[in-house]
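A structural walkthrough
Each chain, letter by letter, is given below.
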Amino acid sequence: MTQADSPRRVLVTGASSGIGLAIGRRLADAGWQVVNFDIQAPPPDSAGVHVPVDLGDEAALGRALERLLAEGPVLGLVNNVAAIRPASLRDTRLADFDRQLAVTTRAALQCAQALVPGMATVGHGRIVNISSRAALGKELRSGYAAAKGALNALTRTWALELAPQGITVNAVAPGPIATAAFQAANPADSARTRRIVEGVPVRRLGRPEDVAHAVHGFMHTDAGFITGQVLYVCGGITVGLAP
């Protein structure tokens, strides 16, 4: 089977809301057949097919991936799903830490392991990991920052391993994006939240569509010479910070 013979299916995890929802819509508009793995149901106007699955449940995710691949290879993967449990170092519970790593990082690895053989057979594939500016350091985010930092490391490692097979691997790392999850973790009346918004050089929060635009660029068939990169979609907030 060649790339031309294969349907352009893409698995987007956590595509029922926020950034993932915007990514699914953007890729569907570009001609991708979107499959959304998410424990939550999407809104009626979402793109593609929704498969309800807990990404933190290794066995359940494995079964969902097996059913997905029974229909043929999936040439695109966007590891977007994440768990966030804000807490200080002292207050971080080990169970919450483990949950964030399982949903955000282990699920990404499990999805990639399942989809890469099909991509390699076709000789073409695109993987985009949704990281975060928090990987550079953010208070009250021990588990979340660790999980996203691990995604950055996996991005570079997989890029080196998979490049000879025609598979690119990149990461998009959003800064503060106006989603329900951001607002829940960063109350509008918080002094810390106000400092975040005031510190964005473009003077606004990002939109989910800003992130979806970057993901679409990495997923494009013409992006085959870009791999192993972490792109910060942050309104300039990370400028001057060490990557």
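Below or above, wherever it landed, is the structure these notes cover. What you are looking at is a predicted structure, and each value in this text was computed from that prediction instead of being measured.

It is worth spelling out the overall build of the protein chain at this point. In terms of helices and strands, the protein chain carries seven helices and seven strands. From first element to last, N terminus to C terminus, the protein chain shows the α and β order β-α-β-β-α-β-α-β-α-β-α-α-α-β. Its C-alpha atoms give the protein chain a radius of gyration of 17 Å, within 12% of the compact-globule value 18 Å for 243 residues. When the backbone C-alpha atoms are referred to their principal axes, the protein chain occupies close to 55 × 35 × 35 Å. In the protein chain, which comprises 243 residues, the share counted as buried stands at 49%. For the protein chain, contacts bridging at least 24 residues in sequence account for 73% of all contacts bridging at least 6. When the accessible surface of the protein chain is summed, it comes to about 11300 Å², and 56% of that surface belongs to carbon and sulfur atoms. Side chains of the protein chain carry 23 positive and 19 negative charges; the gap between the two charge centres is 6 Å.

Applying the stated rule across the entire model yields six salt bridges. Between Arg9 and Glu71 there is a salt bridge, with the nearest N and O atoms lying 3.5 Å from each other. Here the residue Arg9 occupies a position in strand β1 (residues 9-13), and Glu71 occupies one in the loop between α2 (58-69) and β4 (76-79), the gap between them amounting to 62 residues. For Arg9, a relative accessible area of 5% translates into the label buried. Owing to a relative accessible area of 66%, Glu71 belongs among the exposed residues under this scheme. Among the salt bridges present, the one from Arg25 reaches Asp45, with a minimum N-O distance of 2.8 Å. With Arg25 in helix α1 (residues 18-29) and Asp45 in the loop between β2 (33-37) and β3 (49-51), this residue pair connects regions lying 20 residues apart in the sequence. On the accessibility criterion, Arg25 (28% relative accessible area) is partly exposed. Taking the relative accessible area as the measure of exposure, Asp45 reaches 53% and is therefore exposed.

We now examine the packing of aromatic side chains. All chains considered together, the criterion is met by zero aromatic pairs. Residue placement shows Arg8 over the ring face of Trp32; its charged tip is 4.5 Å from the ring centre.

Because side chains alternate across β4, one face comprises the buried residues Gly76 and Val78, and the other comprises Leu77 and Asn79, equally buried. Here β1 runs beside β4; their pairing, made up of three bridges, is parallel. The partner of Val12 across the bridge, within β4, is Val78. Bridge analysis of β4 against strand β5 (residues 125-130) gives four bridges, and the strand direction is parallel. Bridge assignment links Leu77 to a residue of β5, and that residue is Ile127. Tracing the backbone out of β4, into helix α3 (residues 94-122) and back to the parallel element β5 gives a crossover that is right-handed.

A few words now on the sheet that holds β3. The seven strands lie next to each other as β3-β2-β1-β4-β5-β6-β7, forming an open sheet whose pairing is parallel. The strands lining the two open edges of the sheet, one partner per strand, are β3 and β7 (230-233). Within the sheet, the average angular offset between the axes of one strand and its neighbour, ignoring direction, is 20°. Taken together, the three bridges between β2 and β3 define a ladder with parallel strand orientation. Bridge pairing in β3 places Asn36 opposite His50. Sheet strands touched by α1: β1, β2, β4, β5 and β6 (167-174). Its angle to β1, the strand with the most contacts, is close to 170°.

Between α3 and helix α4 (residues 142-162), the shortest axis-to-axis distance is 7 Å and the interhelical angle comes to 20°. On the basis of their axis angle, the class for α3 and α4 is roughly parallel. The element α3 and its partner α4 pack so that their crossing is right-handed. Touching Phe97, Gln100, Leu101, Thr104, Thr105, Ala108, Leu109, Ala112 and Val116 of α3 are Ser142, Gly143, Tyr144, Ala146, Ala147, Lys148, Ala150, Leu151, Leu154, Trp158 and Leu162, all from α4. Of the residues belonging to the contact of α3 with α4, the class tally is 14 nonpolar, five polar and one charged.

Rules used throughout
- Residues numbered from 1 in each chain as written.
- Predicted model: local features only at pLDDT ≥ 70, side-chain atom pairs only at ≥ 80, totals over all residues.
- Heavy atoms only, no water.
- Helix = DSSP H or I, 4+ residues; strand = E, 2+ residues; numbered from the N terminus.
- Rg over C-alpha atoms; globule rule 2.2 N^0.38 Å.
- Buried < 20%, exposed > 50% of the residue type's maximum accessible area, 1.4 Å probe, protein only.
- Contact = heavy atoms within 4.5 Å.
- Areas by Shrake-Rupley, 256 points an atom, 1.4 Å probe, with all protein chains shown as cover.
- Lys, Arg positive; Asp, Glu negative; His and termini not counted.
- Charge placed at Lys NZ, Arg CZ, Asp CG, Glu CD.
- Salt bridge = Lys/Arg side-chain N within 4 Å of Asp/Glu carboxyl O.
- Phe/Tyr/Trp six-rings, centres within 6.5 Å; stacked < 30°, edge-to-face > 60°.
- Lys NZ or Arg CZ within 6 Å of the ring centre and 35° of its normal.
- Pairing = 2+ DSSP bridges.
- Right-handed = clockwise from strand over helix to strand, strands pointing away.
- Axes fitted to C-alpha atoms, helices over the stretch in contact; angles between N-to-C directions.
- Parallel < 35°, antiparallel > 145°, perpendicular 65-115°, else oblique.
- Left-handed = near helix turned anticlockwise from the far one by under 90°.
- Nonpolar A, V, L, I, M, F, W, Y, C, P; charged D, E, K, R; others polar.

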